[in-house]
Amino acid sequence: MQRSITTDHPKESCGLFGVYDVGTAASSIHRGLFAQQHRGQEGSGIVVSDGEKIRSIKGLGLIDEVFSGESLAQLPGHLGIGHVRYSTTGSDRIQNVQPLVVECVDGIWAVAHNGNLTNARKLRRMYQESGAIFQTSTDSEVLVHLLADPMYRSRPRRVARALHELEGAFSFLLMTKNCVMAARDPMGFRPLSIGRLNGGYVFASETCALAQTGAEYVRDVEPGELVVVDAAGLHSSRFAECPTDRLAQCVFELVYFARPDSRVFGYNAHEIRLQYGMRLAEEHPVDADIVISVPDSGNDAALGYSRGSGIPLDFGFIRNHYVGRTFIMPEQRDRASSVDMKLSVLPETVSGKRVVVVDDSIVRGTTCKRRVACLREAGASEIHVRVSCPPTANPCFYGIDLPTHEELVGAQMSVDEIREFIGADSLGYLSQEGLLSPFNNPEHFCAACFTGNYPSDVSHMKGKEALEASAPELALDP
Ligand code: SF4
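Definitions and limits used
Residues numbered from 1 in each chain as written. Predicted model: local features only at pLDDT ≥ 70, side-chain atom pairs only at ≥ 80, totals over all residues. Heavy atoms only, no water. Helix = DSSP H or I, 4+ residues; strand = E, 2+ residues; numbered from the N terminus. Buried < 20%, exposed > 50% of the residue type's maximum accessible area, 1.4 Å probe, protein only. Contact = heavy atoms within 4.5 Å. Areas by Shrake-Rupley, 256 points an atom, 1.4 Å probe, with all protein chains shown as cover. pLDDT = per-residue confidence, 0-100. Near = heavy atom within 4 Å. Nonpolar A, V, L, I, M, F, W, Y, C, P; charged D, E, K, R; others polar. Core = buried A, V, L, I, M, F, W, Y, C linked by side-chain atoms within 4.5 Å. Domains from an automatic or database assignment. Pairing = 2+ DSSP bridges. Axes fitted to C-alpha atoms, helices over the stretch in contact; angles between N-to-C directions. Phe/Tyr/Trp six-rings, centres within 6.5 Å; stacked < 30°, edge-to-face > 60°. Lys NZ or Arg CZ within 6 Å of the ring centre and 35° of its normal. Salt bridge = Lys/Arg side-chain N within 4 Å of Asp/Glu carboxyl O. Polar contact = N/O pair within 3.5 Å; in protein donor to acceptor, adjacent residues only side chain to side chain.

> Can you lay out the overall build of the protein chain for me, pointing to particular residues and giving the numbers?
Helix and strand counts for the protein chain come out as 18 helices and 24 strands. Across the 478 residues of the protein chain, 60% fall into the buried class. Taking the contacts inside the protein chain whose residues are at least 6 apart along the sequence as the reference set, 71% of them involve residues at least 24 apart. Summing over all exposed atoms, the protein chain offers an accessible surface of approximately 18700 Å²; the carbon and sulfur share of this is 51%.

> Lay out the confidence of the model for the protein chain in plain terms, naming residues and giving numbers.
Residues of the protein chain with pLDDT of at least 70 account for 89%, and the chain-wide mean is 89. Across residues 1-7, confidence stays below pLDDT 50; counting only partners more than four residues off in sequence or on other chains, it has 38 contacts. Note on residues 470-478: pLDDT is under 50 here. Beyond four places in sequence and across chains, it has seven contacts.

> Account for the site of the ligand, naming residues and giving values.
What surrounds the ligand is the set Arg190, Cys250, Val251, Phe252, Cys396, Tyr398, Ile400, Cys446, Ala447, Ala448 and Cys449. Only α9 (251-257) and α18 (448-451) provide two or more residues apiece to the shell around the ligand. A per-class count over the shell around the ligand returns ten nonpolar, no polar and one charged.

> Please set out the nonpolar core residue by residue, giving values where relevant.
Counting residues in hydrophobic clusters, the biggest one holds 71 residues, and the most contacted among them are Phe252, Leu254, Tyr305, Val350, Leu375, Val385 and Leu435. The biggest single contributor to this core is α9, with six residues. No fewer than three residues from each of domain 1 (15-247) and domain 2 (257-451) sit in this core. Counting 30 residues, the second-largest nonpolar core is a separate cluster that includes Leu123, Ala162, Leu174 and Val228.

> Could you give an account of the sheet that holds strand β23 (residues 426-429), naming the residues involved and the relevant values?
Ordered in space as β18-β21-β22-β23, the four strands form an open sheet in which the pairing is parallel. Two strands in the sheet have a free side with no partner beyond their single neighbour: β18 (290-293) and β23. Sheet twist, expressed as the mean angle between neighbouring strand axes with direction ignored, is 20 degrees. When strand β21 (residues 354-359) meets strand β22 (residues 382-387), the two strands line up parallel, connected through six bridges. What sits directly across from valine 355, in β22, is isoleucine 383. Helix-sheet contacts for helix α10 (residues 269-283) involve β21, β22 and β23, and the interaxial angle to β23 is about 130 degrees. With respect to the sheet, helix α14 (residues 366-377) is in contact with β18, β21 and β22, its orientation differing from that of β22 by roughly 150 degrees.

> Any details on the packing of aromatic side chains? Residues and values, ideally.
Following the criterion strictly, the structure yields twelve aromatic pairs and no others. Each member of the aromatic cluster is reached from another via a ring pair, and the members are Phe189, Phe397, Tyr398 and Tyr454. For the cation-ring pair, arginine 196 lies above tyrosine 201, with the distance from its terminal atom to the ring centre recorded as 3.9 Å. Note that lysine 369 overlies the ring of phenylalanine 421, its terminal NZ or CZ placed 4.5 Å from the centroid.

> Account for the sheet that holds strand β5 (residues 79-85), with residues named and values stated.
Sheet architecture is open: seven strands sit in the order β4-β3-β5-β2-β11-β10-β12, paired in antiparallel fashion. Here the strands that pair on one side only, and so sit at the sheet edges, are β4 (54-60) and β12 (216-220). Strand after strand, the sheet turns through a mean of 15 degrees between neighbouring axes, direction not considered. In this sheet, β12 lies alongside strand β10 (residues 193-197) in antiparallel orientation, the contact comprising four bridges. Bridging across to β12, arginine 196 finds its partner in glutamate 216. Contacting β2 (15-20), β3 (43-49), β5 and β10, helix α1 (residues 25-34) crosses the sheet at an angle of about 155 degrees to β3.

> So what about the side chain of arginine 273? Which residues, and what values?
Inspection of the secondary structure assignment puts arginine 273 in helix α10. Those residues in contact with arginine 273, other than ones at most four positions away along the chain, are Glu253, Leu254, Val255, Tyr256, Phe257, Ala258, Arg259, Pro260, Asp300 and Ala301.

> Residue-level account of α1, with values.
By the criterion of burial, α1 is predominantly enclosed, with seven of the ten residues buried. Turning to α1, its buried residues are Ala25, Ala26, Ser28, Ile29, His30, Gly32 and Leu33.

> Give me the lowdown on the pattern of salt bridges, citing residues and values where you can.
Taken as a whole and assessed by the stated rule, the structure comprises 15 salt bridges. Residues aspartate 50 and arginine 55 are paired through a salt bridge, measuring 3.3 Å at the closest nitrogen-oxygen approach. Under the relative-accessibility criterion, aspartate 50 is labelled partly exposed at 32%. A cluster of three or more residues bridged by salt bridges with shared partners is formed by Arg39, Arg190, Glu206 and Glu253.

> I'd like a rundown of the environment of glycine 69, residues and numbers included.
As for its position among the elements, glycine 69 is in helix α3 (residues 69-73). Separated by 42 residues in sequence, glycine 69 and serine 27 have C-alpha atoms that sit 8.9 Å apart.

> An account of the environment of tyrosine 454 is requested, with residue identities and associated values reported.
Structurally, the position occupied by tyrosine 454 is in the segment after α18. By relative accessible area, which is 22% here, tyrosine 454 ends up partly exposed. Expressed as a C-alpha distance, the spacing of tyrosine 454 and alanine 248, which sit 206 residues apart in the sequence, is 9.1 Å. In contact with tyrosine 454, other than residues within four places in its own chain, are Asn394, Pro395, Phe397, Tyr398 and Ala448.

> Could you give an account of the side chain of serine 137, with specific residues and numbers?
Relative to the elements of secondary structure, serine 137 occurs in the loop between α4 (120-129) and α5 (141-148). At 3.5 Å, the side chain of serine 137 forms a polar contact with the side chain of arginine 93.

> Please give an account of the pairing of β18 that cites residues and values.
Burial of the side chains of β18 extends over both faces: Ile290 and Ile292 are buried on one face and Val291 and Ser293 on the other. In this structure, β18 lies alongside β21, joined through four bridges in parallel fashion. Residue pairing for β21: serine 293 is matched across the bridge by valine 358.

What follows is the structure, given as C-alpha cells:
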C-alpha cells in the first residue's frame, strides 16, 4: 500500500521583483514573481506606472490565481514592482497583500517589503497616537507613514531618512510614478539583487528570477544602500553605515528558503547544501543501504550525504506537485488537513533496506515522526534521520515564520529525546560549526534560530499577528 505524508518546514519569507525600462513591465514582473513563488503563496501583487498613471492588481492566492493574460493587459507601463507574500507579520487578509499603494500629498507611492521590522510596533503606536489611521496589520506600513510625515517629506533625502528610522530586517522596493527604488537593511538580513535587461534595470529577491526573465546579474544591493533608478539612470547612496564588525545575512536562506539555482549573499544554494550533506556524512556516519531525501528541499543535501558516504542515493519519497496552496497556508488546521497529500513513500525502494533519510530541518517534529512511521510501514528495516542544519531551537524575528519556543521540538527536547519521539533508529544534526563552515565570512551570517544569539535586541518582540489590533485597550469615543 502506498502511504502519503506532508512536510513540516519553516514557512517562506516574501519575494520582490521590480523593473525599470525593460519593455513591458507587468509581464516581466509576472515572470519574476513566478520564479519566486516558493517565497510566498498567500497573495501577490503588481504595481506599474507609465510615467503618468499608477495602476495595480493584487489578490489572495497563487500568482496564477491572481493574474491572467487579460489582467496583465490592464497594467501598461515601463516601470513597476511586484510582491509574493507569506505573512510573517499580519494575517492573510487582502488588505495586507503587497505592494501597498498609498496617495500622499505629493503623489502616489508603492511599497513592497521582505523581512520583519523589529520597531514597527513602537512606530505604529506613535503614529496612531498622533491620529494616523493604518489600513493593514503589516509592519511594512510604518514606512508609508514615515514617508508621508512632514518631518521627512519636506526635507532632502526623505526616503533615506525614513529608512534610517527602521530597525530589523528589510529589503524594500519602492516606486513613484517615475522611479523605482531598492534598499536593504544595514545588517543585510534578506537578499536583494540588481540585474540588467534590455538596457533597463531589474531587482529581485533571488537571482533565479533574474535568470528566468533573461536578466543578467550585476550585483547585490549593499546592506545600508539605497538605489534609485529613474530617467537619469541608476544612483546609489547610503542611508546607514554598515556595522563594520558584522552583517547578519540569514543562513536559513541557504539552508532551505532559496531555490537551489539562486546565488544568495554570493553563494549558490545548491553548492552550499551539497557541502552540508557531505559534512553531515562526516559528522554522523552510519552503515546503510540507501540514502533518500525529503523532496524537494532535502535533495541537494541528500546528494551530498550520498557522495560523502559512498551510500547510493535513491528515490524513497515522491512529491505530489499538484497539492495547492491550501496545504501551505499558515493555519495549523490547513497543515493538518494536508498530512496525507504531499509526499508518498515508494515501498519498492525502501522495503527491507537500512535507509538514511536526509531532511533540511525539523521544526515541530510531528511531520518527521509521521514520515518515519510511513517508512517503517513500507518495510524499511532501519531508519537513520540526518538533518542538514543544527536543531532549530529559537524563533525568528527577522521575517521567517518559525514557531515559538514551546512549539519548536529543538527547544523542548534533547537530540536523543527527539530521536525517540520521531521513532528513528538514529538521528544526526549538522553541527553549528558545520553550518557556517562553507563561508569565507561566517561572522557575517545570522544563525540565531540555532544559537539563540540574536544580532539585535528582540526582547520586546511579539508574535506575527501582534499588529492586528495594536490599540485594543483604547476606548472608542465617538
Ligand atoms: S533567526 Fe534564523 S531564520 Fe531568522 S534571520 Fe536569523 S538565521 Fe534567518
